[in-house]
Amino acid sequence: MNKFLAGFLFFIFSISTAVTAQNKYTKAADDAFADQMYNLSLSRYQKAFSKIKNNKGEKDRISFRMAECYRMMNNMKKAMVAYKRLATGKYAKQEPKVILYYADALKCNGLYDEAIVQYQAYKEAVPKDEKGDIGIESSKLAKEWMGNPSKYMVTWEKKLNSKDDDFAPAYSDKTHQNLIFTSDRPASTGKDIDNWTGLEFSDIFMSRKDRKGDWSNPTLVDQTETVDTKDNEGAGQFNSRYTTLYFTRCWNEARKKDGCAI
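In short, a report on the structure. (Residues numbered from 1 in each chain as written. Predicted model: local features only at pLDDT ≥ 70, side-chain atom pairs only at ≥ 80, totals over all residues. Heavy atoms only, no water.)

### Some words on the sheet that holds strand E2 (residues 178-183)
Judged by pairing direction, the sheet is antiparallel, and its 4 strands sit side by side in the order E1-E2-E3-E4 without closing on themselves. Edge positions in the sheet fall to strand E1 (166-171) and strand E4 (219-220), since each of these pairs with one other strand and no more. Alignment of E1 against E2, held across 4 bridges, turns out to be antiparallel. Residue pairing for E2: Phe 167 is matched across the bridge by Thr 182. (Pairing = 2+ DSSP bridges. Helix = DSSP H or I, 4+ residues; strand = E, 2+ residues; numbered from the N terminus.)

Listed below in C-alpha cells is the structure:
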C-alpha cells in the first residue's frame, strides 16, 4: 500500500468516525426532545453542535432545536437571543416559525415595538396564518395597557412568592381563607432535577390567611407522600364542595417513559 492510499484511507476513516460521533449525539438529543426532556436535550444538542464542522444546514436545525428547548423551559431571555440568530438569517425562509417565536419572545420580554416588527415580517412570510395579526394586536394592546394601567393593583406576597416557580393558585375552602398553589421551591419533596425544566420537581403547597389578612408560611399539602411525592405534582383544584382534590402527577423515572396523569 503506497503512502497516498494509506493517507487517503486514514482521511476517510477520520471523516467516518466524526460523522458517526456527530450522529450519535444528534440522535440522543432528538430522542430526548421527542420525549419532552428539554433540559436534557439542550445539553445534548450543545454537544452535537460542537461536533459539526461544515454542515450549516444541520447546525441551523440544531440551533432551532436549542431555541425551542429554551422556549419550552420558559427561559424566554435565552430563547429570544437564540431565535434572533436564526430569524435574521437565511434559515427563516426555510422555517418561518423562527420569526413568529422570535416575536413571541420579544413580547414576553416587554419589547413590544420590536415584536410588532417581527410579527409583521411573519405576516408577510406566512400571510394565511392569523398568528401574525394576533401578535401585532396583542403587542399594541400591551403598550396601551402599560400606558393606562387599571384601578387594580397586583401586590407581591412575600411569603407566597419566591425566586422559584410558583403558579396555579386555587382556593381550598369556601371561605377563601385557605390557598393551595404549585411550587418547585427547595421545600418540595422531590430533589431530583426535572429533565423538562432543569429545575427541581414541584409539589403542592398550602397557606392560610389569619385575622389580620396575612398569609402563613407555605407548607406541603401533606407529609405522607400521598399527594406530594418525589415526582412532579401540581395544578391542584378542588371540586365545588371542596371535598375532592384533583391534581396532576408527572413521573420522571429511569427506564420508564415520561408522562403525566390526573
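Picking up where we left off.
### Considerations on the environment of Ile 193
If you trace the backbone, Ile 193 turns up in the loop between E2 and strand E3 (203-208). Judged by its relative accessible area of 44%, Ile 193 falls in the partly exposed class. (Buried < 20%, exposed > 50% of the residue type's maximum accessible area, 1.4 Å probe, protein only.)

### Some remarks on the packing of aromatic side chains
Applying the stated criterion to the full structure yields 7 aromatic pairs. Considering the side-chain rings of Phe 64 and Tyr 91, the 5.9 Å spacing of their centres and the 55 degrees angle between planes classify their relative orientation as tilted. In this pair, Phe 64 is assigned in helix H3 (residues 56-72) and Tyr 91 in helix H5 (residues 91-94), connecting sequence segments 27 residues apart. In this structure Phe 64 comes out as buried when scored by relative accessible area, which is 9%. Given the relative accessible area of 8%, Tyr 91 is considered buried. A cation over a ring is seen here: Arg 65 above Phe 33, with NZ or CZ 4.2 Å from the ring centre. One cation-aromatic arrangement involves Arg 71 over Tyr 101; the distance from NZ or CZ to the ring centre is 4.0 Å. (Phe/Tyr/Trp six-rings, centres within 6.5 Å; stacked < 30°, edge-to-face > 60°. Lys NZ or Arg CZ within 6 Å of the ring centre and 35° of its normal.)

Just geometry here; none of it tells us what the structure is for.
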